[in-house]
Amino acid sequence: MNLYLRYFDRETLVATVDEAIAFLSGIDEIGMNPVLENDIREYVASDVYYPKRYKIRPRVYFILIKTEAATMLDFKEKRAVHAMPIREEKERTAASAVTKLNEQLPGWYEGSLDFKRVQMVPGTGKFQYRDTHFVAQVKAVSGLDCYNRIVDHLRQRVDDRSQFPSAKGKNFKFKYLGMEK
């Protein structure tokens with residue numbers, strides 16, 4: 001593994017931490033010190049592959065990137081992109097939220113929805129939005145069907161100006177309860 005470093009128009013690709021520290025020590029504005037050196041060594045030794053930014057002063061940084069590229073040209077042309085390690089088998093096989101939402105599995109679902117409900121303020125007669133949490137158990141054929149049934153039910157009972165979230169968003173959750181309630 002190599003390290004790519006850049007500070008404005010100065011950049012380099014080095015093979016060791018010591019070479020990286022020597023490069024940074026040659027730049028006066030960075031002000032290499034033992035704390036910064038130790039942090040760079042910890043970053044290189046860690047399993048983290050995300051780029052690391054180090055703040056020099058407000059809005060001025062240098063960047064450090066771990067790479068498998070052997071040359072600067074390989075790095076610039078992204079020929080040696082490092083694959084991010086997959087932490088768990090579950091993450092690899094987990095279906096996307098949209099796929100789970102559309103999965104056909106008839107039975108009972110429990111859906112929870114957070115939406116903006118329009119309500120009148122009694123003292124003033126004005127209307128305001130209030131965050132409202134609603135949970136219901138419905139018979140449906142999929143998560144999306146569960147969402148649609150809950151929203152249809154609410155649209156008949158709340159002000160038309162109320163705002164409902166997307167079924168794909170974080171404000172709608174559902175779980176399959178089974179065939180029997």
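Residues numbered from 1 in each chain as written. Predicted model: local features only at pLDDT ≥ 70, side-chain atom pairs only at ≥ 80, totals over all residues. Heavy atoms only, no water.

Sheet analysis places strand β5 (residues 107–120) next to strand β6 (residues 127–140), joined by 14 bridges and oriented antiparallel. What sits directly across from F115, in β6, is T132. Linkage of β5 to β6, two consecutive antiparallel strands, is achieved through a turn of six residues, within which G125 is found at a positive phi near 80 degrees. (Pairing = 2+ DSSP bridges. Helix = DSSP H or I, 4+ residues; strand = E, 2+ residues; numbered from the N terminus.)

A separate point is the pattern of salt bridges. Inspection of every chain in the model, using the stated rule, returns seven salt bridges. Salt-bridge contacts for E11 lead to K76; the nearest nitrogen and oxygen are separated by 2.9 Å. Of the two residues, E11 is situated in strand β2 (residues 10–14) and K76 in helix α3 (residues 72–76); the sequence distance between them amounts to 65 residues. According to the relative accessible area criterion, K76 is partly exposed, its value standing at 45%. Across the salt bridge formed by D131 and K116, the nearest N and O atoms sit 2.6 Å from each other. In this pair, D131 is assigned in strand β6 and K116 in strand β5, connecting sequence segments 15 residues apart. (Salt bridge = Lys/Arg side-chain N within 4 Å of Asp/Glu carboxyl O. Buried < 20%, exposed > 50% of the residue type's maximum accessible area, 1.4 Å probe, protein only.)

One pair of aromatic rings is described through two measures. These are the centre distance and the angle between the planes. For the structure shown, the criterion picks out eight aromatic pairs. Each ring, one from Y7 and one from F8, has its centre 4.9 Å from the other, and the planes form 80 degrees; the classification is edge-to-face. Three or more aromatic residues link up through ring pairs in this structure, and these residues are Y109, Y147, F172, F174 and Y176. For R53, the ring lying beneath its charged end belongs to Y61, and the centroid distance is 4.0 Å. The ring of Y49 carries the charged tip of K66 above its face, separated from the ring centre by 5.3 Å. (Phe/Tyr/Trp six-rings, centres within 6.5 Å; stacked < 30°, edge-to-face > 60°. Lys NZ or Arg CZ within 6 Å of the ring centre and 35° of its normal.)

This brings us to the side chain of S142. Within the secondary structure layout, S142 lies in the loop between β6 and α6 (143–155). Those residues in contact with S142 that lie beyond four places of it in its chain are L101, N102, E103, Q104 and Y109. (Contact = heavy atoms within 4.5 Å.)

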